[in-house]
Amino acid sequence: MDTHMHKVHFNHKSETEGTSVTVSPRILVVEDEPALVDTLEYSLTRQGYDVSVATDGLKALEIARQVLPDLVVLDVMLPNLDGFEVCRILRQETNAPIIMLTARAEEVDKVVGLEVGADDYLTKPFSMRELMARVKALLRRVRLVREEMTTATNENPVPEFP
């Protein structure tokens, strides 16, 4: 297991000051198995992420709307609202990457997950090292897109009208 802590930071613009502040990426973990929640929360926090947890589908939507996560780790089989439905709703509200976790290894489940908006799909049991690599890769892509958008906006500012 990797014993080094890797801090990952995003630059978010402050709405009030227009200045750039460095913050840890926010990750929402949606999982109803307590032992796995503890392991995911520990591993992600240790890697420098700001982690929020929801243990059912409805709570996941509520928390996602509050914390605006940079990435979501989402179980498929959840109480109250399944992960496929949570994913479908989140995809209408956010572009944050979604990694689905499930014990369901059937191809049809993977296809449905990806079709409703997941960016990646891991079947349980999975390697924590592999999950961390996938999280890092998806967040790297998000950071690069944000940087490109910021550069494009700065190079081509929108004209202000009186």
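For every chain, the first residue of the written sequence is number 1, and numbering continues from 1 along that sequence. Note on the predicted model: pLDDT of at least 70 is required for a residue's local features to be given, and 80 or more for side-chain atom pairs to be given and counted; whole-chain, interface and lining totals, by contrast, use all residues. Computation of side-chain values covers all heavy atoms of the structure but excludes hydrogens and water.

> I'm lost on the sheet that holds strand β4 (residues 50-54) in this one. Help?
The strands making up a sheet are joined through hydrogen bonds of the backbone, oriented either antiparallel or parallel. Here the rule is simple: two strands pair whenever DSSP picks up at least two bridges between them. Numbered from the N terminus, helices here are DSSP runs of H or I no shorter than four residues, and strands are runs of E no shorter than two. The strand order β4-β3-β5-β6-β7 describes an open sheet built from five strands, whose pairing is parallel. Where the open sheet ends on each side, the last strands, each with one partner, are β4 and β7 (120-123). On average, each strand axis in the sheet is tilted by 20° relative to the strand beside it, whichever way the strands run. Taken together, the four bridges between strand β6 (residues 98-102) and β7 define a ladder with parallel strand orientation. When the sheet's bridge partners are listed, Leu-101 is paired in β7 with Leu-122. The strands touched by helix α1 (residues 34-46) within the sheet are β3 (26-30), β4 and β6, with β4 carrying the most contacts at an inclination of about 165°. Any two residues whose heavy atoms approach within 4.5 Å at even a single point are treated as in contact. Between N-to-C directions, angles cover 0 to 180 degrees, with each direction set by a line fitted to C-alpha atoms, over the stretch in contact for helices. Each of β6 and β7 is contacted by helix α4 (residues 107-115), which is oriented at about 150° to β7, the strand it contacts most.

> Whenever I open this one, the layout of surface pockets confuses me. Can you help?
Unoccupied space between atoms shows up once a probe the size of one water molecule is rolled over them. Computed over the protein atoms alone on a 1 Å grid, cavities are sets of points where a 1.4 Å probe fits but cannot get out and pockets are open sets with protein on both sides within 12 Å along at least five of seven lines; a residue lines them when it has an atom within 4 Å of a point. Grid points are joined across faces, edges and corners, and a volume is the space filled by probe spheres set on the points. Computed from the structure, the largest pocket encloses a volume of approximately 530 Å³. Lining of the largest pocket is provided by 23 residues; of these, Pro-69, Thr-94, Asn-95, Ala-96 and Arg-146 occupy positions nearest its centre. The set of elements that each furnish at least two residues to the lining of the largest pocket consists of α2 (57-67), α3 (83-93) and α5 (128-155). The element best represented in the lining of the largest pocket is α5, accounting for seven residues. Its residues assigned to classes, the lining of the largest pocket shows 12 nonpolar, four polar and seven charged. Residue polarity follows a fixed list, in which Ala, Val, Leu, Ile, Met, Phe, Trp, Tyr, Cys and Pro are nonpolar, Asp, Glu, Lys and Arg are charged, and the others, Gly among them, are polar.

> Please explain the pairing of strand β5 (residues 71-75) as it appears in this structure.
Along any regular strand the residues' side chains alternate between the sheet's two faces. Each residue's exposure class comes from its accessible area (1.4 Å probe, protein chains only) as a fraction of the maximum for that residue type: buried when under 20%, exposed when over 50%, partly exposed otherwise. Counting buried residues along β5, five of its five residues qualify, which places the element largely inside the surrounding structure. Residue alternation in β5 divides its side chains into two sets, Leu-71, Val-73 and Asp-75 and Val-72 and Leu-74, and both sets are buried. Note: β3 against β5, four bridges, orientation parallel. Along β5, the bridge assignment pairs Leu-28 with Val-72. With four bridges joining them, β5 and β6 adopt parallel strand pairing. Across the sheet, residue Val-73 finds its bridge partner in β6, namely Ile-99. The definition of a right-handed crossover adopted here requires that, viewed with the strands pointing away, the path from the first strand over the helix to the second runs clockwise. Of the crossover connections in this fold, the one passing from β5 over α3 to the parallel β6 is right-handed.

> Looking at this model, I keep getting lost on unusual backbone geometry. Mind explaining?
Trans is the common state for peptide bonds, and a negative phi is the common state for residues other than glycine. Along the chain, Lys-124 connects to Pro-125 via a cis peptide bond; the corresponding omega equals -5°. As for its position among the elements, Pro-125 is in the loop between β7 and α5. A positive phi angle is found at Asn-80, which is not glycine, with a value near 75°. Tracing the chain through its elements places Asn-80 in the loop between β5 and α3.

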